[in-house]
Amino acid sequence: MTIIFAHRGSSGTHPENTFAAYKEAVRVGAEGIELDVQLTKDDELVVIHDHTVGRTTNGTGFVRDYTLEELQRLDAGAWFHERFQGERIPVLKEVFTWMQSNDLILNIELKNVTVDLPCLEELVLNEIESFNLADRIIISTFDHYSLKKINELNPKIECAILYLEKLYEPWNYAANIGAKGLHTHSPKTDRVMIKEAERRGFPVRVYTVNHEERIKELLEDGCSAIFTDYPEKALAVRKMV
Ligand code: G3P
């Protein structure tokens, strides 16, 4: 069965990367959540997509220039709709604590491709270890050196290459760095590639797919997972296929 991941939570209907969006994803029945992790000035693991806070909070400037305490004073919900006022930027530890009460799979995207976040890998791995969540987490990033490092530090954690364009025989490329999954951009993903990869045991998880027609195609193509801002739509399509 193709797993449905809520991309940044149910981000089509709720403010992305907030507990409101994560809880909505669970409510509608998504099996997984995708979220984005960065470091604060005081090296705390926080969940936010952009490197700056301006688009999704009432603050300005770079995430990396805020301490955790400063960051948590920002409102991360009102920009989306006033009824979400009071939502905060989640700390990864809070998400892991919440995961004790559900059976979600979590895809952590490390936001370390354009910004240098030293020791991000070690910090994330330690947190996973301390919550005993190794078998419910997939780590991805566009920085494939980082994935290689994670695989060397802890080969038990599933890593997946995240990429935008086409790769030639991506399963060979992934295997070379110890990655076990392929997170592919929907417009660059085709049926033949999905079938070839899945046949070789490399799950293909496709981002970010919001149109029902495309969701249906990908379900028929047999990909392992779909990332969507509207998990309720994808789940409804999946019922019909
Ligand atoms: O992780 C899949 C997808 O989220 C990658 O794109 O822009 O949301 O980081 P982006």
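Note that the structure is predicted; figures quoted are calculated from it, not measured.

What counts as what
- Residues numbered from 1 in each chain as written.
- Predicted model: local features only at pLDDT ≥ 70, side-chain atom pairs only at ≥ 80, totals over all residues.
- Helix = DSSP H or I, 4+ residues; strand = E, 2+ residues; numbered from the N terminus.
- Rg over C-alpha atoms; globule rule 2.2 N^0.38 Å.
- Buried ≥ 20, exposed ≤ 12 C-beta atoms within 10 Å, placed from the backbone.
- Contact = placed C-beta atoms within 7 Å.
- Pairing = 2+ DSSP bridges.
- Right-handed = clockwise from strand over helix to strand, strands pointing away.
- Axes fitted to C-alpha atoms, helices over the stretch in contact; angles between N-to-C directions.
- Parallel < 35°, antiparallel > 145°, perpendicular 65-115°, else oblique.
- Left-handed = near helix turned anticlockwise from the far one by under 90°.
- Nonpolar A, V, L, I, M, F, W, Y, C, P; charged D, E, K, R; others polar.
- UniProt positions renumbered as here; feature names shortened; annotations may be inferred.
- Core = buried A, V, L, I, M, F, W, Y, C linked by C-beta atoms within 7 Å.
- pLDDT = per-residue confidence, 0-100.
- Arc of directions from axis to C-beta.

Participant: Any chance you could explain the overall build of the chain here in plain terms?
Facilitator: Regarding its fold elements, the chain presents nine helices and nine strands. Taken over C-alpha atoms, the radius of gyration comes to 17 Å for the chain, in line with the 18 Å a tight globule of 241 residues would show. Going through the 241 residues of the chain one by one, you find that 42% of them count as buried. Relative to all contacts within the chain whose residues are 6 or more apart in sequence, the contacts with residues 24 or more apart total 51%.

Participant: Explain the pairing of strand 8 (residues 204-207) here, please?
Facilitator: In summary, the side chains of a regular strand alternate between the two faces of the sheet. Residues of strand 8 alternate between two faces, with Val204 and Val206 on one and Arg205 and Tyr207 on the opposite face, all of them buried. Alignment of strand 7 (residues 181-185) against strand 8, held across four bridges, turns out to be parallel. Bridge pairing in strand 8 places Thr184 opposite Val206. Read as a crossover between parallel neighbours, the route from strand 7 over helix 7 (residues 191-199) to strand 8 is right-handed. In this structure, strand 8 lies alongside strand 9 (residues 225-228), joined through two bridges in parallel fashion. Its bridge partner being in strand 9, Val206 is matched across the sheet by Ile226. Following the chain from strand 8 across helix 8 (residues 212-221) to the adjacent parallel strand 9, one finds a crossover that is right-handed.

Participant: Any chance you could explain the packing of helix 8 against helix 9 (residues 231-240) here in plain terms?
Facilitator: If you want to describe how two helices pack, look at the angle between their axes and the distance between the axes. With their axes 10 Å apart at the nearest point, helix 8 and helix 9 run at an angle of 50 degrees to one another. Relative to helix 9, the element helix 8 lies oblique. When the axes of helix 8 and helix 9 are compared, the crossing they make is right-handed. Taken together, the residues of helix 9 that come into contact with helix 8 (itself represented by Glu212, Ile215, Lys216 and Leu219) are Lys233, Ala234, Val237 and Arg238. Tallied by class, residues from the contact of helix 8 with helix 9 come to four nonpolar, no polar and four charged.

Participant: I'm lost on the pairing of strand 7 in this one. Help?
Facilitator: With four of five residues buried, strand 7 is to be regarded as a mostly interior element. Where strand 6 (residues 158-162) and strand 7 come together, three bridges link them in parallel fashion. Bridge pairing in strand 7 links Leu162 to His183. What joins strand 6 to strand 7 is helix 6 (residues 170-176), and the crossover it makes is right-handed.

Participant: Just checking my understanding: could you explain the environment of Gly77 for this structure?
Facilitator: Within the secondary structure, Gly77 sits in the loop between helix 2 (68-72) and helix 3 (92-98). Distance from Gly77 to Glu16, taken between C-alpha atoms, is 8.4 Å for residues 61 residues apart in sequence.

Participant: Would you mind showing me how to read the UniProt feature "domain: GP-PDE" (unreviewed entry) in the chain here?
Facilitator: UniProt records the feature "domain: GP-PDE" (unreviewed entry) at residues 2-238, using the numbering of this structure. Across residues 2-238, helical content stands at 33% and strand content at 19%; the span's end C-alpha atoms are separated by 8 Å.

Participant: Just to check I follow, could you spell out the nonpolar core for this structure?
Facilitator: In a soluble, globular protein the nonpolar side chains are often hidden away together inside. Judged by nonpolar contacts, the single largest core of 63 residues is most densely connected at Ile33, Ile139 and Ile226. Aside from chain neighbours lying at most four places away, what touches Ile33 is Phe5, Ala6, Gly9, Tyr22, Ala25, Leu104 and Leu106.

Participant: Please explain the confidence of the model for the chain as it appears in this structure.
Facilitator: Predicted coordinates in areas of low pLDDT are best not read in detail. Confidence in the prediction of the chain, expressed as mean pLDDT, is 97, and 100% of residues score 70 or more. With a pTM of 0.97, the predicted complex shows an ipTM of 0.96.

Participant: Sorry if this is basic, but what is going on with the packing of helix 4 (residues 120-131) against helix 5 (residues 144-153) here?
Facilitator: At a minimum axis distance of 10 Å, the contact between helix 4 and helix 5 shows a crossing angle of 45 degrees. In terms of orientation, helix 4 lies oblique with respect to helix 5. In this structure, helix 4 meets helix 5 at a crossing whose hand is right-handed. Counting all contacts with helix 4, which are made through Glu121, Glu122 and Leu125, the residues of helix 5 involved are Ser146, Lys149, Ile150 and Leu153. A class-by-class count of the residues in the contact of helix 4 with helix 5 yields three nonpolar, one polar and three charged.

Participant: Help me out: how do you make sense of helix 7 in this one?
Facilitator: Along an α-helix, residues three or four positions apart point the same way, because every turn accommodates 3.6 residues. All of the buried residues along helix 7 are Met193, Ile194 and Ala197. In a view along the axis of helix 7, the buried residues occupy a sector of 100 degrees, so they form one face of it. Turned more than 90 degrees from where helix 7 packs its buried face, Val192 and Arg199 sit exposed.

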